[in-house]
Amino acid sequence: MTRVSGQPVFILHRYEYGETSLVLECLTPEFGRVGVLAKGVRRANAGYRNLDPFAPLLIGWSGRGELPVLTHVEPYGIPLALSGRALWCGFYVNELVMALLHRHDAHPGIFHAYARVLKLITDKGRQDAELRLFELVLLRELGYGLILDGEAGNRVALEPDTLYRYAFDSGPCKGTGEGVPVHGRTLIALGCGQIGDGEARREARRLLKAAIDRQLRAPLRTPKLFRQISQHATLVLKP
Amino acid sequence: MEVPVIEELKQALRRLPGVGPKSAQRMAFHLLGRDREGARRIAEAIENAVRDVRHCTRCNNFSDRDVCTTCLSVRRDPALLCIVESPADVVSLEQSGAFHGRYFVLMGRLSPLDGIGPAELGIERLEARLRDGETKEVVLATNFTVEGEATAHFIAEIARACGIRATRIAHGIPGGSELEYIDRNTLARALGARRDA
């Protein structure tokens, strides 16, 4: 029997379970992603019911196996008010974490990067750059980090104006061949935790998308929905 | 001793939400042992409903005719269109007695992580409704969950693109409650949406 209390979490997703319960997929600093069964929380007279994604919570759970039972929940910190485009960015981040982070694989770095990106995507001008930086940290934490400190093999310093081919099994290579085309300056900026503008941003997006796609078992659903939504309304999001 | 028709009845009853094997057995034995007339009425009512009930072509709610009585009523304001997630929400709003416009029932909500997008929700029908020239204000009454908020925001964008005013029902403190026991999320939103007293 495991008993955990006072664990800060963000809810990534929740499913209905039976008539009155929910299964919460939580991101925690100490235990990674955990599934927790919240019994009876959909009843009209349930206590704390605001178990929506993105709300910072402090929870406790108890039990053995894959699905321990929620024993305690309370709000933690200042609630985040995501709306509009920021909300769509949040859904994308949640799906990404759900897809790439296995249950019980603890990565405090991912938890902190997640808390950071949720705060920063509320700033419209920074949304795209912050999503890219989160993808970069997520890949690095999971052991799929990009090689950004030099050329493949010899680690010779990258030249800003050179167009490299980024091969995922070795790194940035000069010349023609397999890999994602990307300029040295884009890779150097990524190595410093920065996303440039214009072409550099587009290159970073293409590179990170290719790196993520390699790790996915099935395509993500949120980007497809964003495309549908942007066809309907004026919202345009390119996660 | 297992009787196949009784087993079949129990299995059928288990399709109802909240009915497990024990409840299904109790219901089956009750209907067969003590209320056969009731059982016939249930069977007949289900058959009639399944045969006759469809979605209203205007509001998408359940109806026994092509256009439901709410949509046909001349006493309701055609300029106001309230968007809700489910037929149960229409019942709740009607019970409030505070809304006299018309409805559109989405029969769900956008849920990106479950793969439910505009196409799955049949947003085209709502768009067609908004372009018919009658609606002047869309009242967004989707649930106050992140998915409900995302849905409301998306429909507000469509409404604005059609030149229609979009309003969201207020988010605040429930009547008869004390501030001490209100969660901070609700309290923050209520403060944000305060108005002149």
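Residues numbered from 1 in each chain as written. Chains lettered and ligands numbered in written order. Predicted model: local features only at pLDDT ≥ 70, side-chain atom pairs only at ≥ 80, totals over all residues. Heavy atoms only, no water.

### Considerations on the sheet that holds strand 8 (residues 180-183) of chain A
Residues and elements named next belong to chain A.
- Read from one edge of the open sheet, three strands run 7-6-8, paired in antiparallel fashion. Every interior strand has two partners, whereas the edge strands, strand 7 (171-173) and strand 8, have only one. Across the sheet, the mean angle from the axis of one strand to that of its neighbour is 40°, orientation sign disregarded.
- Note: strand 6 (residues 163-167) against strand 8, four bridges, orientation antiparallel. Among the inter-strand pairings, Y164 is bridged to a residue of strand 8, identified as V182.
- Against the sheet, helix 4 (residues 184-191) contacts strand 6, strand 7 and strand 8, and its axis sits at roughly 80° relative to strand 8.
- Helix-sheet contacts for helix 5 (residues 198-215) involve strand 6 and strand 8, and the interaxial angle to strand 8 is about 145°. (Pairing = 2+ DSSP bridges. Helix = DSSP H or I, 4+ residues; strand = E, 2+ residues; numbered from the N terminus. Axes fitted to C-alpha atoms, helices over the stretch in contact; angles between N-to-C directions. Contact = heavy atoms within 4.5 Å.)

### Notes on the interface of chain B and chain A
- In this assembly, 29 residues from chain B lie in contact with 31 residues from chain A.
- Buried area between chain B and chain A, summed over both chains or domains, comes out near 2500 Å², and the portion from carbon and sulfur atoms is 64%.
- At the junction of chain B with chain A, the criterion picks out one salt bridge.
- Between R14(A) and E147(B) there is a salt bridge; the shortest N-O distance is 2.9 Å.
- Joining chain B to chain A, the criterion identifies six residue pairs in polar contact (both at pLDDT 80 or more).
- Taken together, the elements giving at least two residues each to the side of chain B that touches chain A come down to helix 6 (118-121), helix 7 (123-130), helix 8 (146-161) and helix 9 (184-192) of chain B.
- Counting residues per element, the side of chain B that touches chain A draws most heavily on helix 8 of chain B, at seven residues.
- Of the residues in the side of chain B that touches chain A, the class split is 13 nonpolar, seven polar and nine charged. (Buried area = accessible area lost by both parts, 1.4 Å probe. Salt bridge = Lys/Arg side-chain N within 4 Å of Asp/Glu carboxyl O. Polar contact = N/O pair within 3.5 Å; in protein donor to acceptor, adjacent residues only side chain to side chain. Nonpolar A, V, L, I, M, F, W, Y, C, P; charged D, E, K, R; others polar.)

### Observations regarding the nonpolar core
- With 74 residues, the main nonpolar core has Y114(A), F134(A), I83(B) and L126(B) as its most contacted residues.
- Residue contributions to this core peak at eleven residues, all from helix 1 (residues 85-100) of chain A.
- Membership of the second largest hydrophobic core comes to 16 residues, among which are V9(A), V34(A), L51(A) and W61(A). (Core = buried A, V, L, I, M, F, W, Y, C linked by side-chain atoms within 4.5 Å. Buried < 20%, exposed > 50% of the residue type's maximum accessible area, 1.4 Å probe, protein only.)

### Quick notes on the sheet that holds strand 3 (residues 77-84) of chain B
Residue and element names in this part refer to chain B.
- Strand order in the open sheet formed by four strands is 4-3-5-6, and the pairing between neighbours is parallel. The open sheet is flanked by strand 4 (101-105) and strand 6 (165-168), the only strands paired with a single partner. For this sheet, the mean angle separating the axes of adjacent strands, direction not counted, is 25°.
- Here strand 5 (residues 137-140) runs beside strand 6; their pairing, made up of four bridges, is parallel.

### Thoughts on unusual backbone geometry
All names here are of chain A.
- If you check the backbone angles, H104 has positive phi at about 65° while not being a glycine.
- Looking at the secondary structure, you find H104 in the loop between helix 1 and helix 2 (108-120).
- Even without being glycine, R155 reaches a positive phi, approximately 55°.
- With respect to the helices, strands and loops of the structure, R155 is situated in the loop between helix 3 (127-141) and strand 6.

### Focus: the packing of aromatic side chains
- Per the stated rule, a full pass over the model turns up nine aromatic pairs over all chains.
- In this structure an aromatic cluster arises from ring pairing among F10(A), F111(A), Y114(A) and F134(A).
- The ring of F144(B) is capped by R168(B), whose NZ or CZ atom sits 4.2 Å from the centre of that ring. (Phe/Tyr/Trp six-rings, centres within 6.5 Å; stacked < 30°, edge-to-face > 60°. Lys NZ or Arg CZ within 6 Å of the ring centre and 35° of its normal.)

### Considerations on a nonpolar patch on the surface
- A grouping of I42(B), I46(B) and V50(B) is seen on the molecular surface, where their side chains present a nonpolar patch of about 300 Å² in accessible area.
- Its place among the elements puts I46(B) in helix 3 (residues 36-52). (Patch = residues over 30% accessible without salt bridge, like charges linked within 9 Å, V, L, I, M, F, W, Y side chains within 5 Å. Areas by Shrake-Rupley, 256 points an atom, 1.4 Å probe, with all protein chains shown as cover.)

### Description of the domain arrangement of chain A
- If you check the domain split of chain A, you get domain 1 (1-126 + 219-239) and domain 2 (145-214).
- The C-alpha centroid of domain 2 of chain A is placed 31 Å from the C-alpha centroid of domain 1 of chain A. (Domains from an automatic or database assignment.)

### Examining the layout of surface pockets
- Size it by volume and the largest pocket reaches roughly 1400 Å³.
- As for the largest pocket, its lining consists of 41 residues, and the residues nearest its centre are R49(A), N50(A), D52(A), F144(B) and T145(B).
- Elements supplying a minimum of two residues to the lining of the largest pocket: strand 1 (2-17) of chain A together with helix 8 and helix 9 of chain B.
- Broken down by element, the residue count for the lining of the largest pocket peaks at four residues, all from strand 1 of chain A.
- Residues that form the lining of the largest pocket fall into these classes: 20 nonpolar, nine polar and twelve charged. (1 Å grid on protein atoms, 1.4 Å probe; cavity = no way out; pocket = protein on both sides within 12 Å on 5 of 7 lines; lining within 4 Å. Points joined across faces, edges and corners; volume = space filled by probe spheres on them.)

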